[in-house]
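# Report on the structure
What follows is each chain in one-letter form.
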Amino acid sequence: MKIKEIIEMSTDELLTKKRDLRQESLHLRLQQQSGQLEQPSRLRLLRRDVARIETVLSERSKQPAEK
C-alpha cells in the first residue's frame, strides 16, 4: 500500500484498514508459529502498512491543534 493511497482515504477507512491489517498480522503470526507460513515477508509489509496508517492518523489529529 502506497502512502498516496493512504492519504486519500478517510479517517474511518483508515481505522478500519488498520484493524483489518492487525487481524491479518495476527493470523500470519499464528501460521508462523505452527510452521505453515509461506510468505514470511508479508509480516514485514503488514507492519509497515500499519505504521504508515498510524503516522497519517497522528498527523491528522495534530492538524487542528496547529491552526
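Before any of the text, the structure's been laid out above.
In what follows, the accompanying structure is described. These numbers were taken from a predicted model, which means no experiment stands behind them. (Residues numbered from 1 in each chain as written. Predicted model: local features only at pLDDT ≥ 70, side-chain atom pairs only at ≥ 80, totals over all residues. Heavy atoms only, no water.)

### Quick word on the environment of Leu-37
Test applied: Strands are runs of DSSP state E lasting at least 2 residues, helices are runs of H or I lasting at least 4, and numbering of each runs from the N terminus. Working definition: with a 1.4 Å probe on protein chains only, accessible area under 20% of the residue-type maximum means buried, over 50% means exposed, and in between means partly exposed. Here, two residues are considered to be in contact whenever any of their heavy atoms come within 4.5 Å of each other.
Relative to the helices and strands, Leu-37 resides in the loop between helix 2 (11–34) and helix 3 (41–66). On the basis of relative accessible area, Leu-37 is assigned to the buried category, the value being 17%. In this structure the C-alpha to C-alpha distance between Leu-37 and His-27, which are ten residues apart in sequence, comes to 9.7 Å. Among residues more than four places away in sequence, those in contact with Leu-37 are Leu-28, Gln-31, Gln-32 and Leu-43.

### Looking at the environment of Glu-8
The residue Glu-8 is located in helix 1 (residues 3–8) in this model. Residue Glu-8 is classed as exposed on the basis of its relative accessible area, which comes to 61%. C-alpha of Glu-8 to C-alpha of Glu-54: the two residues are 46 residues apart in sequence and 14 Å apart in space.

### Observations concerning the pattern of salt bridges
Under the convention used in this document: Think of a salt bridge as a Lys or Arg side-chain nitrogen and an Asp or Glu carboxyl oxygen that are within 4 Å of each other.
If you walk through the whole model with that rule in mind, you get five salt bridges. Two residues, Arg-42 and Glu-24, come together in a salt bridge whose shortest N-O distance is 3.0 Å. Here the residue Arg-42 occupies a position in helix 3, and Glu-24 occupies one in helix 2, the gap between them amounting to 18 residues. A relative accessible area of 29% places Glu-24 in the partly exposed class. A salt bridge links Arg-52 to Asp-49, with the shortest nitrogen-to-oxygen separation between them at 3.0 Å. On the criterion of helical spacing, the pair formed by Arg-52 and Asp-49 is a turn pair, its members being three residues apart in helix 3. The class for Asp-49 is buried, based on a relative accessible area of 8%.

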